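Here is what each chain is made of, one letter per residue.
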Amino acid sequence: MKRIFLSILFATALLMVHTSARAEYAHGKTLNLINADNRQYHFGFILGLNTMDFNVTNSGILTTQDGQLYEEGSENGEENEGQIWYGEDTKLSCGFSVGIIADLRIFSWLDLRFTPTLFFNTRELSFRNAKGEERENGTVSVQSNMMEFPLTLKFRGQRKNNYRPYLLAGGAFTVDMGRDSEAPVMLKQIDYGVEVGIGLDFYLPYFKLAPELKFYFGLGDVLERDRPEIAELSDRRFNYAMSRLTSRLIILNFNFE
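Just so it is clear, the model here is predicted, and its values are computed rather than measured. (Residues numbered from 1 in each chain as written. Predicted model: local features only at pLDDT ≥ 70, side-chain atom pairs only at ≥ 80, totals over all residues. Heavy atoms only, no water.)

## Notes on the overall build of the protein chain
Helix and strand content of the protein chain: 2 helices and 11 strands. Out of the 257 residues in the protein chain, the part that is buried amounts to 45%. Pairs at least 24 residues apart make up 73% of the contacts formed inside the protein chain by residues separated by at least 6 positions. For the protein chain, the exposed surface amounts to about 13,200 Å²; the carbon and sulfur share of it is 59%. (Helix = DSSP H or I, 4+ residues; strand = E, 2+ residues; numbered from the N terminus. Buried < 20%, exposed > 50% of the residue type's maximum accessible area, 1.4 Å probe, protein only. Contact = heavy atoms within 4.5 Å. Areas by Shrake-Rupley, 256 points an atom, 1.4 Å probe, with all protein chains shown as cover.)

Here's what the structure looks like:
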């Protein structure tokens, strides 16, 4: 499933490149927006697609059916014996994103960019124990309405006719705005990570269009363990199952500048 989605992302990017290239040749290779890169700063907006998943590190901790830590020698009863549960990211879905661009020119080949973007998507986690038994109520859906605030450097290559490749690198922090305190799994509100990407500026007659592929790698553990309001106390065992949970994003943007 992940390979299929990545193939769709790359195919979409290639289609945009092909369409823009045909438009360039249709105009007889006329140079468009010849002074666009000389502006000290400029703005734009983003429309895009995204996919999110988790990098799960399992803990191997024994828990009881009622969501408590299992203690050796305690009188838990046979029906409440200790089990080890394992979490896994199982679903890769396509979401959409919108954002704005603020770009500051530093050198002819280097820009500083601030691109706050709002992502809409859903992630799912499945849990099974060592016996192969799955969570009674199926997978856990984690709603992810997330605002990202990336600050990146844009390294621009040499312009060729009406296109110019570039690389991106920087950092970002995110704010989760769709948390449910009663859900089986809840994420921390704040996360941070690194972001890298590639793109291609196309200089059209009235604006620049840039297909851009980016990758976000979260560095913080986003699993919220302090859950006094969790709806089902037995679901706490699935939080104990994971010692670390980090976020990853694949982002395909179409920048209009």
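Moving on from the coordinates now.
## Concerning the packing of aromatic side chains
Counted under the stated rule, the structure contains 10 aromatic pairs. Relative to F238, the ring of W85 has its centre 5.2 Å away and its plane inclined at 85°; by these criteria the two rings are edge-to-face. Of this pair, W85 sits in strand β3 (residues 83-91) while F238 sits in helix α2 (residues 236-240), placing them 153 residues apart in sequence. Taking relative accessible area as the criterion, F238 reaches 0% and is therefore assigned buried. Between F114 and F149, the aromatic rings sit 6.5 Å apart at their centres with planes inclined by 15°, giving stacked as the arrangement. Here the residue F114 occupies a position in strand β5 (residues 110-114), and F149 occupies one in strand β7 (residues 140-156), the gap between them amounting to 35 residues. Taken together through their ring pairs, the aromatic side chains of F45, F207 and F256 make up a single cluster. The cationic tip of K154 hangs over the ring face of Y166; the distance from NZ or CZ to the ring centre is 4.3 Å. Against the face of Y203 rests R159, its NZ or CZ located 3.7 Å from the ring centre. (Phe/Tyr/Trp six-rings, centres within 6.5 Å; stacked < 30°, edge-to-face > 60°. Lys NZ or Arg CZ within 6 Å of the ring centre and 35° of its normal.)

## Observations regarding the confidence of the model for the protein chain
With 85% of its residues at a pLDDT of at least 70, the protein chain reaches an overall mean of 85. The low-confidence segment residues 23-28 (pLDDT under 50) makes 5 contacts with residues lying over four places distant or belonging to another chain. (pLDDT = per-residue confidence, 0-100.)

## Quick notes on the nonpolar core
Counting 15 residues, the largest nonpolar core has F54, L125, F127, V142, V185, M242 and L245 as the members making the most contacts within it. Of all the secondary structure elements, the ones that give two or more residues to this core are β1 (41-58), β6 (117-129), β7 and β11 (242-256). Discounting residues that sit within four places of it in the chain, V142 has contacts with F54, T122, R123, L125, V185 and L187. Judged by nonpolar contacts, the second largest core, of 7 residues, contains F119, M146, L249 and I251. (Core = buried A, V, L, I, M, F, W, Y, C linked by side-chain atoms within 4.5 Å.)

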